[in-house]
Amino acid sequence: MASSLGQLLTEEDLDYARRLVKCLKSSSDYDDVMIRNILDNNWETEPQMVSNLLHFPSVIPKDLRLPSLLRGLQETKRLYYILAASNGLCSLDLTKENDVSDVKEKLKEATLKPQGDIAIHAFMALGKLLHHPEDTEFVLRFLHCDKSTLHYNALTWLLANVKDKNEVKKVLENKAVPEDIREEGLERLESDLIEVDLNQNASFTYTPNLADFEAMRRKEQTLSEIFTELDTDQDGKIGAEELLSFCEDIGTVMTLEKAQKDIKHFDGDNDGKIVKDEWIELMFPQFNVQ
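Residues numbered from 1 in each chain as written. Predicted model: local features only at pLDDT ≥ 70, side-chain atom pairs only at ≥ 80, totals over all residues. Heavy atoms only, no water.

Undergrad: Give me the lowdown on the packing of helix H3 (residues 29–41) against helix H4 (residues 47–55), citing residues and values where you can.
TA: At a closest axis distance of 10 Å, the pairing of H3 and H4 adopts a crossing angle of 110 degrees. As summarised for this structure, H3 and H4 are arranged roughly perpendicular, according to the angle between their axes. In terms of crossing hand, the pair formed by H3 and H4 is left-handed. Contact residues: H3 offers Ile35, Ile38 and Leu39, while H4 offers Met49, Val50 and Leu53. (Axes fitted to C-alpha atoms, helices over the stretch in contact; angles between N-to-C directions. Helix = DSSP H or I, 4+ residues; strand = E, 2+ residues; numbered from the N terminus. Parallel < 35°, antiparallel > 145°, perpendicular 65-115°, else oblique. Left-handed = near helix turned anticlockwise from the far one by under 90°. Contact = heavy atoms within 4.5 Å.)

Undergrad: Break down the packing of helix H7 (residues 101–111) against helix H8 (residues 116–126) for me, with residues and values.
TA: Geometry of a packed helix pair, given as the angle between the helix axes and the separation of the axes. Interhelical geometry of H7 versus H8 gives an angle of 150 degrees and a closest axis separation of 7 Å. Taken as a pair, H7 and H8 cross one another with a handedness that is left-handed. Within the contact between the two elements, H7 uses Lys104, Leu107, Lys108, Ala110 and Thr111 and H8 uses Ile118, Ala119, Ala122, Phe123, Ala125 and Leu126. Looking at the contact of H7 with H8 residue by residue, the classes come out as 8 nonpolar, 1 polar and 2 charged. (Nonpolar A, V, L, I, M, F, W, Y, C, P; charged D, E, K, R; others polar.)

Undergrad: Quick rundown of the nonpolar core? Include the residues and the values.
TA: Among the nonpolar cores identified, the biggest contains 89 residues, and Leu8, Leu89, Leu107, Leu143, Leu158 and Trp279 are the most heavily contacted of them. Contacts of leucine 8, omitting those with residues within four sequence positions, involve Ala17, Leu20, Val21, Leu24, Asn52, Phe56 and Val59. (Core = buried A, V, L, I, M, F, W, Y, C linked by side-chain atoms within 4.5 Å. Buried < 20%, exposed > 50% of the residue type's maximum accessible area, 1.4 Å probe, protein only.)

Undergrad: Quick one: what's the story with a negative patch on the surface, residue by residue and with numbers?
TA: There is a patch of like negative charges on the surface, built from Glu179, Asp180, Glu183 and Glu187. Classification of glutamate 179 as exposed rests on a relative accessible area of 54%. (Patch = residues over 30% accessible without salt bridge, like charges linked within 9 Å, V, L, I, M, F, W, Y side chains within 5 Å. Areas by Shrake-Rupley, 256 points an atom, 1.4 Å probe, with all protein chains shown as cover. Salt bridge = Lys/Arg side-chain N within 4 Å of Asp/Glu carboxyl O. Lys, Arg positive; Asp, Glu negative; His and termini not counted. Charge placed at Lys NZ, Arg CZ, Asp CG, Glu CD.)

Undergrad: So what about the packing of aromatic side chains? Which residues, and what values?
TA: Pairs of aromatic rings are described using the distance from one ring centre to the other and the angle between the two planes. On inspection of all chains with the given rule, the structure shows 6 aromatic pairs. Look at tyrosine 80 and tyrosine 81: their rings are 5.4 Å apart centre to centre, the planes differ by 80 degrees, and that puts the pair in the edge-to-face class. Note on phenylalanine 123 and phenylalanine 142: the rings are 5.4 Å apart at their centroids and 80 degrees apart in plane angle, and the pair reads as edge-to-face. Of this pair, phenylalanine 123 sits in helix H8 while phenylalanine 142 sits in the loop between helix H9 (136–140) and helix H10 (149–161), placing them 19 residues apart in sequence. Judged by its relative accessible area of 0%, phenylalanine 123 is buried. Residue class for phenylalanine 142 comes out buried when judged on its relative accessible area of 5%. Connected via pairs of aromatic rings, a cluster forms that spans Trp43, Tyr80 and Tyr81. The lysine or arginine in question, lysine 108, covers the ring of phenylalanine 138, its NZ or CZ lying 5.0 Å from the ring centre. (Phe/Tyr/Trp six-rings, centres within 6.5 Å; stacked < 30°, edge-to-face > 60°. Lys NZ or Arg CZ within 6 Å of the ring centre and 35° of its normal.)

Undergrad: Can you lay out unusual backbone geometry for me, pointing to particular residues and giving the numbers?
TA: Along the chain, histidine 132 connects to proline 133 via a cis peptide bond; the corresponding omega equals 10 degrees. Tracing the backbone shows proline 133 in the loop between H8 and H9. Although it is not a glycine, glutamine 234 adopts a positive phi angle of roughly 55 degrees. Relative to the elements of secondary structure, glutamine 234 occurs in the loop between helix H13 (210–230) and strand E1 (238–239). Positioned with a positive phi, asparagine 270 is a non-glycine residue whose angle comes to about 55 degrees. Mapped onto the elements, asparagine 270 comes out in the loop between helix H15 (256–266) and strand E2 (273–274).

Undergrad: I'd love a proper account of the pattern of salt bridges, names of residues and values included.
TA: Counted according to the given criterion, the structure contains 10 salt bridges. The salt bridge partner of aspartate 235 is lysine 273, with a shortest N-O separation of 3.5 Å. Of this pair, aspartate 235 sits in the loop between H13 and E1 while lysine 273 is found in strand E2, placing the two residues 38 residues apart along the sequence. We classify aspartate 235 as partly exposed; its relative accessible area is 40%. A salt bridge links aspartate 269 to lysine 237; the nearest nitrogen and oxygen atoms lie 3.1 Å apart. Residue aspartate 269 is found in the loop between H15 and E2, and its partner lysine 237 is found in the loop between H13 and E1; the two are separated by 32 residues along the sequence. Each of Lys104, Lys108 and Asp135 takes part in salt bridges that share partners, so that together they form one network.

Undergrad: I'd like a description of the environment of leucine 107, backed by residues and values.
TA: Of note, leucine 107 is situated in helix H7. The spatial distance from the C-alpha of leucine 107 to the C-alpha of leucine 70 is 9.0 Å, given a sequence separation of 37 residues. Among residues more than four places away in sequence, those in contact with leucine 107 are Leu73, Ser86, Leu89, Ala122, Ala125, Leu126 and Leu129.

Don't take any of this as a statement about function, it's just geometry.
Below you can see the structure in the form of structure tokens.
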């Protein structure tokens, strides 16, 4: 394995990993074989290597690039694979690819994730694949929620892609649109201050913070360890009483009825208990790691 590639694959500091990518002017046949082997066989055993490749897809052989990123978006066990794939897709010009319909649909699903970091990164990658009028209704849903970065990214897309000013005004004057978003949108509409990138597509205001990626990894690992502690009978499952006990321990208000309801929502086989992956999905949006 070439030294630079070896460092990239195992580097935990993603800011430094970004600099390593710039040093990889070209890859050898040996590098390609190594990368293919990792992406074919090591998703479960080498998450650091896989996630780094997804985050920096320019080093992935072209024929394997989009399939690997799509697989990352479809991941259910490791949510940071979705984040890494979304970040990686942001660095690619997807408009030059022949068929990205599957990627587009998976990115849409990712924007609806309760994890804000994933949603924001996915929308950034998705923006250039969305078109008016067929995708406008999808974008509008982000104007009708609490104030967030997605609000302004959706607004920028709307102003850049819907050319009929009267149509935009009608959308913004909907009572469901928060007042601050409406005011900014109308002001930008009148002044025509619409930022565009070199491809004449909307430029989004959010800059990915690589610390988000590491935070997600730490949170998932912590939740995995907590699950193991709660699973006292070691059957690989926990129920409502364990969830209630955990919430009480960390000072979160919870009733047995609410715990049972939460368990039922994520209980894939309807046995009244959840496995580790379901536990992580349940707790991820509401659990913070200091």
